[in-house]
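# Summary of the model geometry
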Amino acid sequence: MPPAPALAPPNIRDDLGDLADIAVAVNRPEIADELSRIRGSLSRGELTIVVLGQFKRGKSSLLNAFAGRRAFPAGVVPLTAVATHLIRGAEGARVVDDVGNVRSVPITALDEFVSEQRNPGNARGVARVEVSLPLPAWTDGITFVDSPGIGSPHDENTRAARAVLPHADAAIFVLSPDPSITADELAFLSEAAAHASKFFFVLNKSDLASPTERAELERYLSGVLHDRCGFGEIRLHAVSSKLALEGAERHDLRARTESGMDQLWAEIRRFVGTDRSESVRRVGALRSRQFAERLRSSIDLAVRATEMSDAELAAHVSALRTGIEVVRGEMRATVAVLELDIALMARRMEEEPRTRLSRLTPGLSATLDKGLSERPGSTSGEVVRRFEANLQANIDTEVGPIRAALREEAEKGLARIAAEFATRIRRWLADLATLVHREFGVALPEFGVPVSVVAPDRYSDRVERLLEGTMAGQATLLLPPAVLRRRLRSRLPRLVADELDAQAGRLRADLIERIGRTWERMRSQAVADLESDLRLLESAASDGEHRRRTDAQETAAWRQAQGALRARLVEIEERAVTASRAG
């Protein structure tokens, strides 16, 4: 049995515990709950390491090489559509859907749920996939996350990759020779840097470059990551996940060594540590700094309010409340405008499936008619079975691209609305931060703007067999094949039109329900998060206003207590910054 991970170092437990107590003291119980959750996770030595990067860099292949088997789908086209979690344990896989249902699946069937080809745009509504394999003992308590690639033609993949960032205690950022790094990657990396306490940089597919080219790439990438993203000294691991996996499958230790993979995982193991205390300390320090900044700004606002004269306080608090109400009004107006966009999009989807699919009737009828050509020796049963197979295959072939195109149109429409929503919220909050600084002299930390398009709904891609329960079960099988063919030909246009109409109805219902439910989740999430930030400002201002109007001696004592809390927050921030710089 491997040793149990050590508890978080005392100073980390103390800092997170103090922050939770301070959150309760300043009336932020939700922050206290989140801090308690983080403290518990870190005390158990649990860490999440996320594999990030642009599509087709070989992120899935990297984890396959580490596991020594082809567990995660990998190929020549963008594959990963759903974040997949890898942990140490008995071999197996579980799929969790968006309503919490869990089912076990064979690892060999993972591509049905996580790949873009088999589950485009996460049409199956998969929330996460959990894979357990017999990994090395040092990985106990570690979750590795294979994230979707950014910058692929599928916008949902980039959104899914961003969604895992807040959970990244550490990150493996994967690059490859061609192209070496893109603007999208630099922007994503800058965003990710605010979340992960440690980055491991990988130059995958290094076997595609000569030693001279690799050295030049390493120098170039190290310079770019330092100059553009602010990273300090960087060790770039040149690896070949392909060579490593092939070596593992052939039990070829030399190939594994030449792949460079052992050095990468040795560094990750050093980060995790034998007792995990140092890595937990780093992660705890980062989380402490993030929460300390939020709590400090709340205290600063409340204390500043007590330092003003009655007239000043009334004017500044009034300005703040007016600003907050303006934001709420803007949110209501924006929701109303965007709901009109949603309604128009849904209205287009009322007719588009039927309009587009109805155009297929003549061509499909002609194709199926050709398939009814007489074959010597065919029985009536064979004619029907062949006709059913041709009908299903041809409708599937023709309807598939239209279904995909309409789904993509809906995705793009929802993505456009989400982007507009986020842009407006960001602008309101920036204006509000400016107002707070002007009225109270307090600098607020940057607000989060977590507006994203979620994909909870499932598409039905099943093509029903048109003749099942009708043709196949009727006495027509007793007809001579020639007569049966004539009857099928006479009914073909009507049969095809009816099936296409049914397909259009199912597709229309799926799209409209998806649009409605996705918007509802987007709207409710954005409103709830915005209200949480606004309540923080209101609570801080009200607390200061109340204290200002109480007994002077009591107010002075409260201000002194707040000063002590603030001093503690500053100590935690300074210690957290020092710990972050150390790594």
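Residues numbered from 1 in each chain as written. Predicted model: local features only at pLDDT ≥ 70, side-chain atom pairs only at ≥ 80, totals over all residues. Heavy atoms only, no water.

## Some remarks on the packing of aromatic side chains
All chains considered together, the criterion is met by eight aromatic pairs. Ring plane angle 15° and centroid distance 5.9 Å describe the contact between F199 and F201, whose orientation is recorded as stacked. F201 carries the same exposure label as F199, and that label is buried. Across from the ring centre of F200, 5.4 Å away, lies the NZ or CZ of K198, which sits over that ring. (Phe/Tyr/Trp six-rings, centres within 6.5 Å; stacked < 30°, edge-to-face > 60°. Buried < 20%, exposed > 50% of the residue type's maximum accessible area, 1.4 Å probe, protein only. Lys NZ or Arg CZ within 6 Å of the ring centre and 35° of its normal.)

## Examining the nonpolar core
In this structure, F144, I172 and W265 are the most contacted members of the largest nonpolar core, which totals 119 residues. Here this core gets 19 residues from one element, more than from any other, and that element is helix α14 (residues 380-440). Once residues lying within four places of it in the same chain are set aside, the contact partners of W265 are L62, L63, F66, W138, F144, I172 and R256. By size, the runner-up hydrophobic cluster in this structure holds 28 residues, among which are A171, L189, L217 and I234. (Core = buried A, V, L, I, M, F, W, Y, C linked by side-chain atoms within 4.5 Å. Helix = DSSP H or I, 4+ residues; strand = E, 2+ residues; numbered from the N terminus. Contact = heavy atoms within 4.5 Å.)

## Describing the packing of helix α3 (residues 59-67) against helix α10 (residues 261-272)
Relative to each other, α3 and α10 sit at 85°, their axes nearing to 11 Å. Classified by the angle between their axes, α3 and α10 sit roughly perpendicular to one another. Residue-level inspection shows L62, L63, A65 and F66 of α3 in contact with α10, the latter providing M261, L264 and W265. Along the lines of polarity and charge, the residues of the contact of α3 with α10 split into seven nonpolar, no polar and no charged. (Axes fitted to C-alpha atoms, helices over the stretch in contact; angles between N-to-C directions. Parallel < 35°, antiparallel > 145°, perpendicular 65-115°, else oblique. Nonpolar A, V, L, I, M, F, W, Y, C, P; charged D, E, K, R; others polar.)

## Digging into the side chain of N204
Examined against the element boundaries, N204 turns out to sit in the loop between β8 (199-203) and α7 (211-229). A relative accessible area of 1% places N204 in the buried class. A distance of 3.2 Å separates a polar atom in the side chain of N204 from the backbone oxygen of R57. Among residues more than four places away in sequence, those in contact with N204 are R57, G58, V174, L175, S176, P177, V239, S240 and S241. (Polar contact = N/O pair within 3.5 Å; in protein donor to acceptor, adjacent residues only side chain to side chain.)

## Examining unusual backbone geometry
Its identity as a non-glycine residue notwithstanding, K205 has a phi of 60°, on the positive side. Since its relative accessible area comes to 28%, K205 is described here as partly exposed. Of note, the phi angle at H251 is positive, near 55°, even though the residue is not glycine. Take H251: it is sitting in the loop between α8 (241-250) and α9 (253-258). The class of H251 is exposed, set by a relative accessible area of 71%.

## Comments concerning α10
The first and last C-alpha atoms of α10 sit 17 Å apart over twelve residues, in line with the 16 Å expected at 1.5 Å per residue. One or two residues past the end of α10 sits G273, with phi positive at roughly 80°. (Expected span 1.5 Å × (residues − 1).)

## Some points on the pattern of salt bridges
Close approach of charged atoms allows side chains of opposite charge to pair. Tallying each qualifying case throughout the model produces 35 salt bridges. R354 is the partner of D501 in a salt bridge, and the nearest nitrogen-oxygen pair spans 2.7 Å. Of this pair, D501 sits in helix α15 (residues 481-548) while R354 sits in helix α12 (residues 310-358), placing them 147 residues apart in sequence. Judged by relative accessible area, D501 falls into the partly exposed class, the value being 36%. Three or more residues are tied together by salt bridges with common partners; here these are E325, R328, E531, R535 and E538. (Salt bridge = Lys/Arg side-chain N within 4 Å of Asp/Glu carboxyl O.)

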